[in-house]
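If you want the building blocks of each chain, they are given just below.
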Amino acid sequence: MHSVTVVERSWRSMLRAVASLLLAYALLVVGNALGSTETSLSLLANGVPVAVAGMVQSAYYAGFFLGGFFCSGMIRQYGHHRAFAALTAIICVLTLCQALFTTPWLWLLARLGNGLAMVGIYMVVESWLNGCVSNSQRGQLFSLYLIISYLGASAGQWLLKLPFSQSGWPFIIVAMLFALAIIPVTLTQQRPQVLAAPAPGNVLARAMRTLRLLGRRAPLSLVGAVLAGCFNSAFYTMLPAMLSQSGRSAPDIASFMGLALLAAPLLQWPMGKWADSSDRATLLARCALVVAVLSLILTQLLNTGWMLPLVMVYVSVAFTFYGTLSGIANDAMPARHRVEVSASLLMVYALGGTLGPLLCSSVMAAIGPAGYFVVSLGLSATLGGYAWWTVKRWPLPSLLPPR
């Protein structure tokens, strides 16, 4: 079996190769976080029921899932740079549609298209990054990628505190940020690994082959990505709704979300280094157990002074899940499958992301704001339990023979 070996190189050399990409990605995540939170708050402010708001937000992750079937072929055929520019331009147009119209079903379609294009952007970024590093550096570079993700997401929340004079202006800011993100990627002289054109055949069949191969080599990465998708999508879309249900104003919600997301990068680098030198599955299981305990405590401490500091600890641990899962998957797969691995993880992550807002909104409608942390408790306990089962019953993915 032919594979591409990535030679370990210095951090300075590696950062030069990805600096423009990371700058563009930072602009994207600021805009995406602002757009996601503003969508929830605008729907609720317009009197839309929380269950309908959950459906609109789930459409983003449904698009995310559908895009996973098609975007890998687009990247291979047209290249990382062209795919990035085209997909980002699509999101600019759809976001401006949200600024112009307020009908919920139109927003549902806009969020669906937004998710479909955004998954392609994530595939460009993640396959580009994974093509630049060896296995011994992957966790550290991916932790830097996630640090940028969460700092950008926090910055997006703080933008909600700007004194917008009209309701659609936050979406215009989102479109501007996405347009700016095109510039550093299209002008960079650095080039990612050149990928072969997609093999002929049905795109669904190719995607399913990659999923089956990943399922044989690293089943925890697939199961974990579904659960992490549920968890993260619920956080971004339904935690603002939970705070709104609890009687908080939009500026208060922006401050809470911004502070909570400032905690997300704190453990990314140490976890990345720890994961590179230890068993990733065991690390994941321990982190999930911590999140389950914090979720149980938070069900009893809503609207108290303890809520924000506990949520910050909760976020700092929980948001390491996806980086660890990506490391498990990429360690186990040949280098030439980088785009397909990224696509597979993002597809199953999006499947979970579609379920997260629906599950949370249903439980919150039934038992109130505490329902958010009840769902979080169930998801993290399931992830931790499956990770421990994998450690005890399944061979380490990196030790499996190639197939």
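Calculation notes
Residues numbered from 1 in each chain as written. Predicted model: local features only at pLDDT ≥ 70, side-chain atom pairs only at ≥ 80, totals over all residues. Heavy atoms only, no water. Axes fitted to C-alpha atoms, helices over the stretch in contact; angles between N-to-C directions. Helix = DSSP H or I, 4+ residues; strand = E, 2+ residues; numbered from the N terminus. Parallel < 35°, antiparallel > 145°, perpendicular 65-115°, else oblique. Left-handed = near helix turned anticlockwise from the far one by under 90°. Contact = heavy atoms within 4.5 Å. Nonpolar A, V, L, I, M, F, W, Y, C, P; charged D, E, K, R; others polar. 1 Å grid on protein atoms, 1.4 Å probe; cavity = no way out; pocket = protein on both sides within 12 Å on 5 of 7 lines; lining within 4 Å. Points joined across faces, edges and corners; volume = space filled by probe spheres on them. Core = buried A, V, L, I, M, F, W, Y, C linked by side-chain atoms within 4.5 Å. Buried < 20%, exposed > 50% of the residue type's maximum accessible area, 1.4 Å probe, protein only.

Colleague: Outline the packing of helix 8 (residues 219-245) against helix 9 (residues 250-262), listing residues and values.
Modeller: Between two packed helices, the angle of one axis relative to the other and the distance separating the axes together describe the packing. Where helix 8 meets helix 9, the closest approach of the two axes is 10 Å, and the angle between their N-to-C directions is 140°. If you check the angle between helix 8 and helix 9, you find them oblique. Once helix 8 is placed against helix 9, the crossing between them reads as right-handed. Mapping the contact onto sequence places Phe235, Tyr236, Leu239, Pro240, Leu243 and Ser244 in helix 8 and Ile253, Phe256, Met257, Ala260 and Leu261 in helix 9. Class assignment for the residues of the contact of helix 8 with helix 9 results in ten nonpolar, one polar and no charged.

Colleague: Give me the lowdown on the layout of surface pockets, citing residues and values where you can.
Modeller: A volume near 350 Å³ is recorded for the second largest pocket. Together, 21 residues line the second largest pocket, and Glu38, Ser42, Gln166, Ser167 and Pro170 are the ones closest to its centre. Of all the elements in the fold, those that place two or more residues in the lining of the second largest pocket are helix 1 (11-45), helix 3 (80-100), helix 6 (169-187) and helix 9. Among the elements that line the lining of the second largest pocket, the one with the most residues is helix 1, at four residues. The residue makeup of the lining of the second largest pocket, split by class, is twelve nonpolar, seven polar and two charged.

Colleague: Describe the nonpolar core, with residues and values.
Modeller: Ranked by internal contacts, the top residues of the largest apolar core, which has 116 residues, are Phe235, Tyr314, Phe319 and Tyr372. Take this core: its biggest share by element is 15 residues, from helix 8. The next biggest cluster of nonpolar side chains, apart from the first, holds six residues, and it includes Ala53, Val56, Trp107 and Phe171.

Colleague: Tell me about the packing of helix 8 against helix 12 (residues 307-318), residues and numbers included.
Modeller: Where helix 8 meets helix 12, the closest approach of the two axes is 12 Å, and the angle between their N-to-C directions is 165°. With respect to helix 12, the axis of helix 8 lies roughly antiparallel. Considering the relative orientation of helix 8 and helix 12, their crossing is left-handed. Taken together, the residues of helix 12 that come into contact with helix 8 (itself represented by Phe231, Phe235, Met242 and Leu243) are Met307, Tyr314, Val315 and Ala318. When grouped by side-chain class, the residues that make up the contact of helix 8 with helix 12 number eight nonpolar, no polar and no charged.

Geometry only, nothing functional implied.
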